[in-house]
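Spelled out, the chains give:
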Amino acid sequence: MVASKAVSVPVDGSVIAGDLVVGPGAEGVVLFAHGSGSSRHSPRNRAVAARLREAGLGTLLLDLLTVREERDDAVTGQYRFDIGLLGRRVVAAVDWLAERPEAAGLPLGLFGASTGAAAALLAAAERPGRVESVVSRGGRPDLAEEALEQVRAPVLLIVGGADQEVLRLNEEAAERLSAPHRVHVVPGATHLFEEPGALEEVAEAASRWFLRPGEPEG
């Protein structure tokens, strides 16, 4: 098993923290953009990341805010819906990964949860030649707004069947995507996919998409 490596990604005169794992022979690497009020320590994202590594993919779990911003956001909530800022942070991480010897040249996927999904889509629109696939888990792709039309990478939108408002927002966002895309509904799952087997279905669907972007299920 390859050990996780603590890394620092330079952004805006400061750094954001990440945990990078890229094993020998990795078929690609997936950058995780967490959602509002979460971090790279999210147990749900870590569970998905573990499954992706089992499938032969490297992972970068990343905090999109600096330590100071996280402290301020915990009090004010001022950054968690700043999609422009979060998107720029993902772009910075995409560029940083391209320079890492263990990740350079590998297909890159983005996995976004909640508001992190919008940040991932912004980054995909900004780096069409680098980002090869995007997966959203219970995400808010609608917050990417006009960037949706500019995304070229295949997009998988995973939503809980019982998360009705978010499902509606995802279906509306999907209609604006010109890139190959699919909405994958996990039956009976709520927003955090806490139901038995729900998160496992998320991880399986995500790993298939990252390994074969845009291919139909089955």
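Residues numbered from 1 in each chain as written. Predicted model: local features only at pLDDT ≥ 70, side-chain atom pairs only at ≥ 80, totals over all residues. Heavy atoms only, no water.

A. Looking closely at the pairing of strand β5 (residues 108-113). Within β5, six of the six residues are buried, which leaves it mostly tucked inside the rest of the structure. Because side chains alternate across β5, one face comprises the buried residues Leu108, Leu110 and Gly112, and the other comprises Gly109, Phe111 and Ala113, equally buried. The sheet contact formed by strand β3 (residues 29-33) and β5 spans five bridges and is parallel. Across the sheet, residue Val30 finds its bridge partner in β5, namely Gly109. Note: β5 against strand β6 (residues 131-137), six bridges, orientation parallel. Looking at the pairing, Leu108 lines up with Val131 of β6. Where the polypeptide runs from β5 across helix α4 (residues 115-126) and back to β6, its parallel neighbour, the crossover connection is right-handed. (Buried < 20%, exposed > 50% of the residue type's maximum accessible area, 1.4 Å probe, protein only. Helix = DSSP H or I, 4+ residues; strand = E, 2+ residues; numbered from the N terminus. Pairing = 2+ DSSP bridges. Right-handed = clockwise from strand over helix to strand, strands pointing away.)

B. Expanded view of the packing of helix α3 (residues 83-98) against α4. Two elements in contact, α3 and α4, have axes whose closest approach is 8 Å; the angle formed by their N-to-C orientations is 55°. The angle between α3 and α4 falls in the class oblique. Crossing handedness for the pair α3 and α4: right-handed. Residues Ile83, Gly84, Leu86, Gly87, Val90 and Val91 of α3 form the contact with α4, whose own contacting residues are Thr115, Ala118, Ala119, Leu122, Ala123 and Glu126. A per-class count over the contact of α3 with α4 returns eight nonpolar, three polar and one charged. (Axes fitted to C-alpha atoms, helices over the stretch in contact; angles between N-to-C directions. Parallel < 35°, antiparallel > 145°, perpendicular 65-115°, else oblique. Left-handed = near helix turned anticlockwise from the far one by under 90°. Contact = heavy atoms within 4.5 Å. Nonpolar A, V, L, I, M, F, W, Y, C, P; charged D, E, K, R; others polar.)

C. Structural context of the packing of aromatic side chains. The final tally for this structure, using the stated rule, is one aromatic pair. Relative to Phe111, the ring of Phe32 has its centre 4.8 Å away and its plane inclined at 35°; by these criteria the two rings are tilted. Within this pair, whereas Phe32 is found in strand β3, its partner Phe111 is found in strand β5, the two being separated by 79 residues in sequence. (Phe/Tyr/Trp six-rings, centres within 6.5 Å; stacked < 30°, edge-to-face > 60°.)

D. Representation of the side chain of Thr66 within the structure. If you trace the backbone, Thr66 turns up in the loop between β4 (58-62) and α2 (67-76). If near-sequence neighbours (up to four positions away) are discounted, Thr66 is found in contact with Ser14, Val15, Ile16 and Arg89.

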